[in-house]
Amino acid sequence: MTATAPAHRAAPHMTQTPDPETTPQSLAADSAVEAGTARPRLRDQIAENPLVSLVGGLFLALLAFFGTVIVALLVFALTSMNDRFDSLEGRLDRLEDKVDAQGAQIAELDRKFAALIAHLNATEAVDAALEHRLLIPEAGAIEPEGEPSG
């Protein structure tokens, strides 16, 4: 069984869209395109109006000048940062040299104290002092609070 559209249902009417309003500028553009003439070239505009060439030349000169200045500032900033890093590295090297020299002095003092303690035969007394104990001859070791060590 085939379905057919009822006859009383007609196709919807197409709505007419209004034509766009024509303006004098659009008419001039349409006539120029139709006549085969396009927009005037920049070279023709410069020939007709030297002020355009002067402004364009100044713009290009300023653009080149400011571009050069920006590049020069970037190069200056990069080299000055490199100089600062070199200066900091030099200061750190000098600081490391001082620390190394002080470490050598401490090692020398340690060696001298060890020799002195061995010469005086006071190794036990020094070890006790380092452990915060006090050795009294013939009394044994006494703790810092005065109580004998147990």
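Please read all numbers here as calculations on a predicted model, not as lab measurements.

### Some points on the overall build of the protein
- Assigned secondary structure in the protein consists of four helices and two strands.
- Taken from N to C terminus, the helices and strands of the protein fall in the order α-α-α-α-β-β.
- Taken across its 150 residues, the protein has 1% of its residues classed as buried.
- Put simply, the protein shows about 14,200 Å² of open surface, and 63% of that area lies on carbon and sulfur atoms.

### Section: a nonpolar patch on the surface
- Taken together, the side chains of L62, F65, F66, V69 and L73 make up a nonpolar region of the molecular surface, amounting to roughly 490 Å² of accessible area.
- With respect to the helices and strands, the residue L73 is situated in helix 3 (residues 50-120).

### Describing unusual backbone geometry
- Non-glycine residue N121 carries a positive phi angle of around 55°.
- Structurally, the position occupied by N121 is in the loop between helix 3 and helix 4 (123-130).
- For N121, a relative accessible area of 69% corresponds to the exposed category.

### Thoughts on a negative patch on the surface
- On the surface, D83, D86, E89, D93, E96, D97 and D100 cluster together into a patch of negative charge.
- The topology assignment puts D97 in helix 3.
- Overall, the relative accessible area of 51% leaves D97 in the exposed class.

### Some remarks on the pattern of salt bridges
- Taken as a whole, this structure holds one salt bridge when the rule is applied.
- Across the salt bridge formed by E108 and R111, the nearest N and O atoms sit 2.6 Å from each other. On the criterion of helical spacing, the pair formed by E108 and R111 is a turn pair, its members being three residues apart in helix 3.
- By relative accessible area, E108 is classed as partly exposed at 32%.
- Residue class for R111 comes out exposed when judged on its relative accessible area of 51%.

### Structural notes on the confidence of the model for the protein
- Scored by pLDDT, the protein comes out at a mean of 76, with 62% of its residues at no less than 70.
- Here strand 2 (residues 140-142) stands out as the least confident element of the protein, with mean pLDDT 56; helix 3 is the most confident, with 88.

### Observations regarding the environment of V126
- Structurally, V126 is set in helix 4.
- A sequence separation of 12 residues divides V126 from A114, and the C-alpha atoms of the two residues are 10.0 Å apart.

Criteria and cut-off values
Residues numbered from 1 in each chain as written. Predicted model: local features only at pLDDT ≥ 70, side-chain atom pairs only at ≥ 80, totals over all residues. Heavy atoms only, no water. Helix = DSSP H or I, 4+ residues; strand = E, 2+ residues; numbered from the N terminus. Buried < 20%, exposed > 50% of the residue type's maximum accessible area, 1.4 Å probe, protein only. Areas by Shrake-Rupley, 256 points an atom, 1.4 Å probe, with all protein chains shown as cover. Patch = residues over 30% accessible without salt bridge, like charges linked within 9 Å, V, L, I, M, F, W, Y side chains within 5 Å. Salt bridge = Lys/Arg side-chain N within 4 Å of Asp/Glu carboxyl O. Lys, Arg positive; Asp, Glu negative; His and termini not counted. Charge placed at Lys NZ, Arg CZ, Asp CG, Glu CD. pLDDT = per-residue confidence, 0-100.

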